[in-house]
Amino acid sequence: MPVFVDRGPSADGNRPAPERCLELGLINNMPDGALESTERQFLELIEAAARDIPVRLRLFALPEVPRGETALGHLRSGYSAIDELWGSRLDGLIVTGAEPRAPSLTDEPYWGSLTNVLAWAQENTASTVWSCLAAHAAIFHIDGVGRHKLEEKRLGVFACQNMSDHPLMAGLPPQVWVAHSRCNEVREQPLTEHGYTILTRSAEVGVDAFVKQGKSLFVFFQGHPEYDQRALLREYRRDVGRYLRRERETYPALPRGYFNEVAAGAAVMFRDRALAQRDEKLLESFPAAFLERRLRPVGRAPVSRLYRNWLLYLAVHKAQAQSSRSKHTTLGANASQRAQGVG
């Protein structure tokens with residue numbers, strides 16, 4: 001069953017009734033170069049997971065995330081203002097990360113809006129997914145668990161072990177492969193000390209996914225299970241470009257577990273040329289197409305299953321809430337009739 005993406009008043013005629021579908025929100029805070037691809041990746045993932053579950057998806061973005069004109073035009077064409085979130089109620093919400101700009105999370109330009117989203121989500125969703133930097137921000141604001149800067153950006157696809165019998169992990173294999181792209185990490189011990197349940201972890205990347213139950217079930221990903229096959233290649237090329245433009249001092253490390261042997265050799269050859277001839281024009285000869293044909297395949301079935309479990313959780317919660325409201329309505333009507341001497 002296709003996911004209905006709500007793109008504003010023009011879609012009113014086709015919008016499904018709220019009581020007949022799951023209502024989800026996606027707050028897309030990714031940088032301009034990844035804005036549309038992130039939207040597409042989550043839409044594809046939700047469509048694969050939903051199957052017979054009707055879903056309505058609303059798109060939002062935090063206004064303080066710096067944007068260029070092209071990205072602003074895309075947001076105006078189909079995203080709702082974040083102010084529209086405050087008076088609504090969603091079954092589930094997904095909040096993406098953003099590119100770090102400040103040494104401290106509290107100094108990020110969108111910190112105030114993000115903490116408002118946190119408070120709103122706890123009261124107005126059955127569950128919310130927090131991705132990468134958004135996960136770090138959420139646990140810092142909730143429990144004061146800080147992040148630690150990595151010596152080198154963690155980029156690649158890593159084998160993560162299933163560590164929990166939580167319902168979200170039902171039907172998943174003992175090991176799942178997850179893309180990671182981050183410069184910071186939160187560590188396992190302070191998480192468990194503050195009541196978080198670890199879902200997946202890896203000897204290489206540490207904690208991958210974890211949850212905490214409050215009024216809403218908060219689900220946290222340090223990695224990017226939503227990434228498509230080419231996402232890390234786009235990020236790697238972007239970082240190479242930043243090196244060539246002297247926006248960063250060091251050449252980026254190859255994504256781990258991502259290129260096959262032939263692709264890795266080609267990437268190293270290009271790196272050697274870039275180190276010898278640091279010129280932005282060299283990026284025109286970056287072997288993106290060659291590398292893309294030689295990426296190690298990573299199955300997305302486990303990720304789809306995890307999101308399927310998440311949607312089923314939301315569906316059960318919604319059905320229970322509707323049944324409770326119906327019961328209270330019936331009891332109220334009967335009490336009113338008795339008060340009037342009816343029946």
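Located above this text is the structure these notes cover.
Anyway, here's the lowdown on the structure attached to this text.

1. Re the overall build of the protein chain
Across its full length, the protein chain holds 10 helices and 10 strands. For the protein chain, the C-alpha radius of gyration of 22 Å lies close to 20 Å, the compact-globule estimate for 343 residues. Projected onto its principal axes, the C-alpha positions of the protein chain cover 90 × 45 × 40 Å. A burial count over the protein chain gives 50% of its 343 residues as buried.

2. Some details on unusual backbone geometry
Backbone geometry at Cys132 places phi at a positive 50°, although glycine is not the residue there. Structurally, the position occupied by Cys132 is in the loop between β5 (127–131) and α5 (133–143). According to the relative accessible area criterion, Cys132 is buried, its value standing at 8%.

3. Some remarks on the sheet that holds strand β3 (residues 55–60)
Strand order in this open sheet of 10 strands is β1-β3-β2-β4-β5-β10-β9-β8-β6-β7, and the pairing throughout is mixed. On the outer flanks of this sheet lie β1 (4–6) and β7 (175–185), each paired with one strand and no other. Averaged over all pairs of adjacent strands, the angle between strand axes in this sheet comes to 25°, irrespective of strand direction. Sheet topology places strand β4 (residues 92–95) next to β5; four bridges connect them, and they run parallel. Residue pairing across strands places Val95 opposite Trp130, the latter belonging to β5.

4. Considerations on helix α1 (residues 32–50)
The end-to-end C-alpha distance of α1, which contains 19 residues, comes to 28 Å, matching closely the 27 Å that a straight helix rising 1.5 Å per residue would cover. Listed in full, the buried residues belonging to α1 are Ala34, Leu35, Ser37, Thr38, Glu39, Gln41, Phe42, Leu45, Ile46, Ala49 and Ala50. Where α1 ends, the next residue or the one after it, Arg51, has phi of about 55°, a positive value.

5. With respect to the nonpolar core
Within the largest apolar cluster, 42 residues are counted, with the highest numbers of intra-cluster contacts made by Leu24, Val55, Ile94, Val219, Tyr307, Trp310 and Leu311. For Val219, the contacting residues outside a window of four places in its chain are Ser127, Thr128, Val129, Trp130, Leu168, Phe210, Val211 and Trp310. Leu90, Leu191, Val207 and Phe220 belong to the second-largest nonpolar core, a separate cluster that totals 34 residues.

6. Comments concerning the packing of helix α7 (residues 231–244) against helix α8 (residues 261–276)
One way to put it is that α7 packs onto α8 with a least axis distance of 11 Å and a crossing angle of 15°. What the angle tells us is that α7 and α8 run roughly parallel. Crossing angle aside, the handedness with which α7 passes α8 is right-handed. Seen from α7, the contacting residues are Tyr236, Val240, Tyr243 and Leu244; seen from α8, they are Ala267, Phe270, Ala274 and Leu275.

7. Focus: the pattern of salt bridges
As a working rule, side chains carrying opposite charge can pair if their charged atoms are close by. A full pass over the atoms with the stated rule returns 26 salt bridges. The closest approach of N and O atoms between Asp239 and Arg242, which form a salt bridge, is 3.8 Å. Of the two residues, Asp239 and Arg242 are both situated in helix α7; the distance of three residues between them amounts to about one turn of the helix. Counted as one network, the salt bridges with shared partners bring together Glu99, Lys153, Glu235, Arg238, Asp239, Arg242 and Arg248.

8. A few points about the pairing of strand β8 (residues 197–202)
Consecutive side chains of a regular strand alternate in pointing toward one face of the sheet and then the other. Bridging between strand β6 (residues 148–162) and β8 involves two bridges; their strand directions are antiparallel. Pairing of Asn162 across the sheet is with Thr200, part of β8. Of the strand pairs in this sheet, β8 and strand β9 (residues 206–213) are connected by five bridges, and their pairing is antiparallel. Within the sheet, the bridge partner assigned to Ser202 lies in β9 and is Gly206.

9. Digging into the packing of aromatic side chains
Applying the stated criterion across every chain yields a total of 13 aromatic pairs. When the centroid spacing of 5.8 Å and the interplanar angle of 75° are considered together, the rings of Tyr196 and Phe210 count as edge-to-face. Remark: Phe210 occurs in strand β9 and Tyr196 occurs in the loop between α6 (188–193) and β8; sequence separation between them is 14 residues. Taken individually, Tyr196 and Phe210 each receive the classification buried, so the pair is uniform in this respect. Their ring planes at 20° and their centres at 6.3 Å tell us that Phe221 and Tyr307 sit as a pair that is stacked. Separated by 86 residues along the polypeptide, Phe221 in strand β10 (residues 217–221) and Tyr307 in helix α10 (residues 301–339) bring together distant segments of the chain.

10. Observations regarding the side chain of Asn29
Topologically, Asn29 is positioned in the loop between β2 (22–27) and α1. At a separation of 3.3 Å, a polar atom in the side chain of Asn29 contacts the main-chain amide nitrogen of Leu62. When sequence neighbours within four positions are dropped, the list of residues in contact with Asn29 reads Ala61, Leu62, Val65, Arg67, Val95, Thr96, Gly97 and Ala98.

11. With respect to the side chain of Thr38
The topology assignment puts Thr38 in helix α1. One polar contact links the side chain of Thr38 to the main-chain carbonyl oxygen of Ala34, over a distance of 2.7 Å. With residues near it in sequence (within four places) discarded, Thr38 still touches Asn28, Met30 and Thr96.

Rules used in this analysis
Residues numbered from 1 in each chain as written. Predicted model: local features only at pLDDT ≥ 70, side-chain atom pairs only at ≥ 80, totals over all residues. Heavy atoms only, no water. Helix = DSSP H or I, 4+ residues; strand = E, 2+ residues; numbered from the N terminus. Rg over C-alpha atoms; globule rule 2.2 N^0.38 Å. Buried < 20%, exposed > 50% of the residue type's maximum accessible area, 1.4 Å probe, protein only. Pairing = 2+ DSSP bridges. Axes fitted to C-alpha atoms, helices over the stretch in contact; angles between N-to-C directions. Expected span 1.5 Å × (residues − 1). Core = buried A, V, L, I, M, F, W, Y, C linked by side-chain atoms within 4.5 Å. Contact = heavy atoms within 4.5 Å. Parallel < 35°, antiparallel > 145°, perpendicular 65-115°, else oblique. Left-handed = near helix turned anticlockwise from the far one by under 90°. Salt bridge = Lys/Arg side-chain N within 4 Å of Asp/Glu carboxyl O. Phe/Tyr/Trp six-rings, centres within 6.5 Å; stacked < 30°, edge-to-face > 60°. Polar contact = N/O pair within 3.5 Å; in protein donor to acceptor, adjacent residues only side chain to side chain.

So, to be careful, I would describe these as geometric facts and stop short of saying anything about function.
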